[in-house]
Amino acid sequence: ARLANQIAAGEVVERPASVVKELVENSIDAGATRIDIDIEKGGSRLIRIRDNGKGIAKDELGLALSRHATSKIASLDDLEAIVSLGFRGEALASISSVSRLTLTSCTEGQTEAWSAYAEGRDMDVQLKPAAHPIGTTLEVLDLFFNTPARRKFLRTEKTEFTHIDELIKRIALSRFDVAITLRHNGKLVRQYRIADNPLQQERRLAAACGPAFLQHALVVELAHGDLKLSGWICSPQGARSQNDIQYCYVNGRMMKDKLINHAIRQAYESSLRSEQYAAYVLYIEVDPHQVDVNVHPAKHEVRFHQARLVHDFIYQALQSALQQGAS
Ligand code: ADP
Ligand code: MG
């Protein structure tokens, strides 16, 4: 089983940022409103994620670390309309097979917190009483300590941390209702506060994308039946310098989708006569039954059942936002 986990780890765990992604998604799935992330040495020494989610009960701690133990798919219907981010039940097993992992958690119904420790190929999970408020802390030490080939592929501390910072930025832009802090080697690098009004949301946008993006941002907000588009698109003048900021979310999931991309570029082209630059942070909400999400973790693609309709809706919404910004 351990070997299977290590093979699976190759798919899920490519670098420290992929570990952070899985763990933060778990925290979000657990309903956390606050997530604190501590990184040391670009994540190769330590990745610690602490949340205030619902926690994991003592008798489920060992199970959470075993492969295909997911608490998130209850029926086939769930599979067709996946709402939780994680649904494969192999992240923790994979990560623990290539690191020294400690899982500490406390649920509402418990008077005491418990800690589970797993290390590399050693499958015996040890449970110990611990001190922890309701919620969960995942501590991943010495990533790839037992897979030297993969450890060798890690880039510099700075590069690995940049990947983590970028990932957290994407997540921060998708969940304004979750407070997130990010520390590297003990230093606070990002602080995303809960943003539940437009002003605070713009503050978070500026914290993530920089003040220049906000300065050039045009607000987008449009609905058509079940379809909703909101967010910000950079004015023509701003798009040039902000060209690297291109974030699109479909039902809360980050996507890089050809159809959406095409609609955005066309909108820029029609109002600018240039599709060279584009900068945006956009949110598309659509009935989950109207869209297929590729279940492969590395692919960020969607398939809309009514592709033409979605394309034209996005195109028209952005075109009118850009035109209003230009006048
Ligand atoms: P998946 O997320 O695909 O279900 P994981 O391996 O990522 O699989 O996690 C296994 C299980 O451990 C989850 O289904 C969940 O029940 C539990 N779990 C993991 N992280 C957390 C967390 N931060 N808070 C609460 N439960 C968690
Ligand atoms: Mg998960």
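Coordinates for the structure precede this section.
Conventions adopted
Residues numbered from 1 in each chain as written. Chains lettered and ligands numbered in written order. Predicted model: local features only at pLDDT ≥ 70, side-chain atom pairs only at ≥ 80, totals over all residues. Heavy atoms only, no water. Helix = DSSP H or I, 4+ residues; strand = E, 2+ residues; numbered from the N terminus. Expected span 1.5 Å × (residues − 1). Buried < 20%, exposed > 50% of the residue type's maximum accessible area, 1.4 Å probe, protein only. Pairing = 2+ DSSP bridges. Contact = heavy atoms within 4.5 Å. Axes fitted to C-alpha atoms, helices over the stretch in contact; angles between N-to-C directions.

J.: A description of helix 2 (residues 16–29) should follow, citing residues and the corresponding values.
T.: The periodicity of an α-helix, 3.6 residues per turn, causes residues three or four positions apart to be oriented the same way. The first and last C-alpha atoms of helix 2 sit 20 Å apart over 14 residues, in line with the 20 Å expected at 1.5 Å per residue. Taking burial as the measure, the 14 residues of helix 2 include eleven buried ones, the bulk of the element. Burial in helix 2 covers these residues: Pro16, Ala17, Ser18, Val19, Val20, Glu22, Leu23, Val24, Glu25, Ser27 and Ile28. The positive-phi residue at the C-terminal boundary of helix 2 is Gly31, with phi of around 80°.

J.: Account for the sheet that holds strand 9 (residues 217–224), with residues named and values stated.
T.: The mixed open sheet is built from five strands, whose spatial order is 9-10-13-11-12. Of all the strands in the sheet, just strand 9 and strand 12 (253–254) have a single pairing partner and so form its edges. Bridge count for strand 10 (residues 227–234) against strand 13 (residues 280–285) is six bridges, and the pairing is antiparallel. From the neighbouring strand, Gly231 faces strand 13, where its bridge partner is Leu282. The strands touched by helix 7 (residues 157–174) within the sheet are strand 11 (246–250), strand 12 and strand 13, with strand 11 carrying the most contacts at an inclination of about 50°. Helix 12 (residues 307–326) contacts strand 9, strand 10 and strand 13 of the sheet and is inclined by roughly 40° relative to strand 10.

J.: Which residues make up the environment of Cys209, and what are the values?
T.: Along the chain, Cys209 falls in helix 8 (residues 198–209). Placed 98 residues apart in sequence, Cys209 and Thr111 show a C-alpha to C-alpha distance of 42 Å. Those residues in contact with Cys209, other than ones at most four positions away along the chain, are Leu173, Gln242, Ile245, Tyr247 and Val281.

It is worth stressing that arrangement in space is one thing and function is another; only the former is reported here.
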